[in-house]
Amino acid sequence: MKIGELARETGVSVRLLRYYEEQGLLGSERTPGGHRLYGPDAPAVVRRIRTLLGAGLPTRVIAEVLDCVCGSEAEIEPCLSPMLVARLDAIDEEIHDLQGTRSSLAALVAATEGRP
């Protein structure tokens, strides 16, 4: 499958597909002319990458865990659960910090505008 075909099938831009390849997330073979050819599993791999990105995982982590995704895009090996729980905890902490920042900013705006 050529890169344009993969892009059309997955809805992911050619540029992003190249980026995924640069990050070691997606593999391809090269034709004698230098064109990329992807295997029949490439659309499923791209969907898995998109699912993991959507869950907030950075590409460096995805590179480590991508082989542990099984079945559908959202099924992972149980051994990855602690890492995902730790990432979820980190996100919760970020949300908590942002809520505090928002409250402080809202108080400044209210004081500036003379609101209670």
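Residues numbered from 1 in each chain as written. Predicted model: local features only at pLDDT ≥ 70, side-chain atom pairs only at ≥ 80, totals over all residues. Heavy atoms only, no water.

Named according to an unreviewed UniProt entry, the chain is MerR family transcriptional regulator originating from Streptomyces exfoliatus.

To continue, consider the overall build of the chain. Secondary structure assignment for the chain yields five helices and two strands. Ordering the α and β elements of the chain from the N terminus gives α-α-β-β-α-α-α. Its C-alpha atoms give the chain a radius of gyration of 20 Å, clearly above 13 Å, the size a compact globule of 116 residues would have. Contacts spanning at least 24 positions in sequence make up 39% of the contacts within the chain whose residues lie at least 6 apart. Carbon and sulfur atoms make up 55% of the accessible area of the chain, which totals about 7,800 Å². The chain carries 13 positive and 17 negative side-chain charges, and their two centres are separated by 10 Å. (Helix = DSSP H or I, 4+ residues; strand = E, 2+ residues; numbered from the N terminus. Rg over C-alpha atoms; globule rule 2.2 N^0.38 Å. Contact = heavy atoms within 4.5 Å. Areas by Shrake-Rupley, 256 points an atom, 1.4 Å probe, with all protein chains shown as cover. Lys, Arg positive; Asp, Glu negative; His and termini not counted. Charge placed at Lys NZ, Arg CZ, Asp CG, Glu CD.)

Viewed as axis vectors pointing N to C, helix α1 (residues 3-10) and helix α2 (residues 14-22) meet at an angle of 105 degrees, and their least axial separation amounts to 9 Å. Comparing their axes, α2 and α1 come out roughly perpendicular. Contacts between α1 and α2 involve Ile3, Gly4, Leu6 and Ala7 on the former and, on the latter, Val14, Leu17 and Arg18. Taken together, the residues that form the contact of α1 with α2 break down as five nonpolar, one polar and one charged. (Axes fitted to C-alpha atoms, helices over the stretch in contact; angles between N-to-C directions. Parallel < 35°, antiparallel > 145°, perpendicular 65-115°, else oblique. Nonpolar A, V, L, I, M, F, W, Y, C, P; charged D, E, K, R; others polar.)

Now for the side chain of Glu21. Along the chain, Glu21 falls in helix α2. Exposure remark for Glu21: the relative accessible area of 18% places this residue in the buried category. (Buried < 20%, exposed > 50% of the residue type's maximum accessible area, 1.4 Å probe, protein only.)

What follows concerns α2. Within the sequence span of α2, burial applies to Leu17, Tyr20 and Glu21. Here the buried residues of α2 occupy an arc of 100 degrees about the axis, which is enough to place them on one side. In α2, the exposed positions angled more than 90 degrees off the buried face are occupied by Arg15 and Glu22. Buried residues belonging to α2 abut α1, β1 (29-30), β2 (36-37) and α3 (42-54). (Arc of directions from axis to C-beta.)

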